[in-house]
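These are the residues of each chain, in order.
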Number of protein chains: 2
Amino acid sequence: MGDKHILGDLQHAIMRVLWAEGEATVARVQEALEDERDRALTTIATMLVKMEKKGIVAHRSEGRQFVYRPLVSETEVQRSMVGELTDMLFGGDVTALVSHLLTEQEIDDKELARLKALIAEHRSKERRRGR
Amino acid sequence: MGDKHILGDLQHAIMRVLWAEGEATVARVQEALEDERDRALTTIATMLVKMEKKGIVAHRSEGRQFVYRPLVSETEVQRSMVGELTDMLFGGDVTALVSHLLTEQEIDDKELARLKALIAEHRSKERRRGR
DNA sequence: GCGCATCTACTACTCGGGTAGTAATACTGG
DNA sequence: CCAGTATTACTACCCGAGTAGTAGATGCGC
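Predicted model, so just to flag it, every value in this text is computed and none were measured.

S.K.: Which residues make up the nonpolar core, and what values do they have?
M.R.: Across soluble globular proteins, nonpolar side chains have a tendency to be buried as a group. With 72 residues, the main nonpolar core has Ile14 and Met15 of chain A together with Ile14 and Met15 of chain B as its most contacted residues. Those residues in contact with Met15 of chain B that sit more than four places away from it in its chain are Leu7, Met51, Ile56, Val57, Pro70 and Val72 of chain B.

S.K.: Now, about the protein's contact with DNA strand C: what can you tell me, with residues and values included?
M.R.: Taken together, 19 residues surround DNA strand C, and among them Phe66 of chain A together with Asp9, Thr43, Thr46 and Arg64 of chain B come closest. The protein-proximal atoms of DNA strand C, defined as those within 4 Å of the protein, are 64% sugar or phosphate. Within the contact set of DNA strand C, a base nitrogen lies 3.4 Å away from a side-chain nitrogen or oxygen of Thr42 of chain B. Thr43 of chain B is positioned such that a nitrogen or oxygen atom in its side chain is 3.1 Å from a phosphate oxygen of DNA strand C.

S.K.: I'd like a description of the relation of the copies chain A and chain B, backed by residues and values.
M.R.: The operation relating chain A to chain B is a screw motion whose rotation component is 180 degrees, with 0.0 Å of axial translation and a residual RMSD of 0.1 Å. What we have between these two chains is a two-fold relation. In this assembly the copies share their binding face: 100% of the residues contributing to the interface of chain A also contribute to that of chain B.

S.K.: Help me get a handle on the interface of chain A and chain B, residues and values and all.
M.R.: Taken together, the 43 residues of chain A in the interface contact 43 residues of chain B. A buried area of about 4300 Å², summed over both sides, lies between chain A and chain B, and 67% of it is on carbon and sulfur atoms. Where chain A packs against chain B, one counts 4 salt bridges. Here Glu104 of chain A ties to Arg79 of chain B by a salt bridge, and the two come within 3.2 Å at their closest N and O atoms. Of all the secondary structure elements, the ones that give two or more residues to the side of chain A that touches chain B are α1 (9–21), α4 (74–90), α5 (94–104) and α6 (109–128) of chain A. The class makeup of the residues in the side of chain A that touches chain B is 19 nonpolar, 11 polar and 13 charged.

Conventions adopted
- Residues numbered from 1 in each chain as written.
- Chains lettered and ligands numbered in written order.
- Predicted model: local features only at pLDDT ≥ 70, side-chain atom pairs only at ≥ 80, totals over all residues.
- Heavy atoms only, no water.
- Core = buried A, V, L, I, M, F, W, Y, C linked by side-chain atoms within 4.5 Å.
- Buried < 20%, exposed > 50% of the residue type's maximum accessible area, 1.4 Å probe, protein only.
- Contact = heavy atoms within 4.5 Å.
- Near = heavy atom within 4 Å.
- Polar contact = N/O pair within 3.5 Å; in protein donor to acceptor, adjacent residues only side chain to side chain.
- Least-squares fit on C-alpha atoms with pLDDT ≥ 70 in both.
- Buried area = accessible area lost by both parts, 1.4 Å probe.
- Salt bridge = Lys/Arg side-chain N within 4 Å of Asp/Glu carboxyl O.
- Helix = DSSP H or I, 4+ residues; strand = E, 2+ residues; numbered from the N terminus.
- Nonpolar A, V, L, I, M, F, W, Y, C, P; charged D, E, K, R; others polar.

Printed below as a string of structure tokens:
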């Protein structure tokens, strides 16, 4: 649970397929990833084995092929990885990260407006929850 | 320049020392990192060689020891790594990242207030620049 | 049933981060 | 000048991500 769900590129790409489809065979994963890059079936299969060993996916047999499903949610992975990065780059200070986003990452007025709305919305949500 | 300044844990720890001190010898870096974890001098030295090969630090000789200095700024590294993560986890959508921070990462009222202030400040800055 | 296609299993290799021992070298104190 | 110390150079590992070939098993078409 509280594990480090830090995924590499391919692992994450595979997870995205599984999250989107609920579950998928090796062939299906490969197919879904085909436009991004062409990888051998065995590459996907090997990776899935490693991922299962790590405990982030599981499989069941359907006929003679394996159907894989995710064991961690996208949100969990996001939390892990964003948290990791925030710690590493900003000493765990979330506002420092947001500040960086505002000043160093290109953000246009439209996005800024959405951010403002997000924060306003969040505040009211907090209040509604009785904070 | 536009390179991928994606650093591992140790590399980043070393960079933090160099950023803080401007430049430092191997021994100084090790000393600064001592409280975090005890690593052999040669570990730091080897890493610095690899980092120099990557082009993110450089050294000059002072007597018989090397004095290393950073060749990339902290901001550049933050931009690279935050950008990378934003692409990987949120399809490049910065507002999605902020939204995640608001809903999934624990943010208290004080931080929220600071965020609001940040955004307000940023907006006025934009306006001042004539956007 | 034979042969071909499809799958998984196993094995192997590259690469970069991380860690460190040992060798060579240069300096320093007595 | 000589022994010990500090410092870099070289070498060697381990590990996990990623990539894929080959082998072995299993099902399918005819």
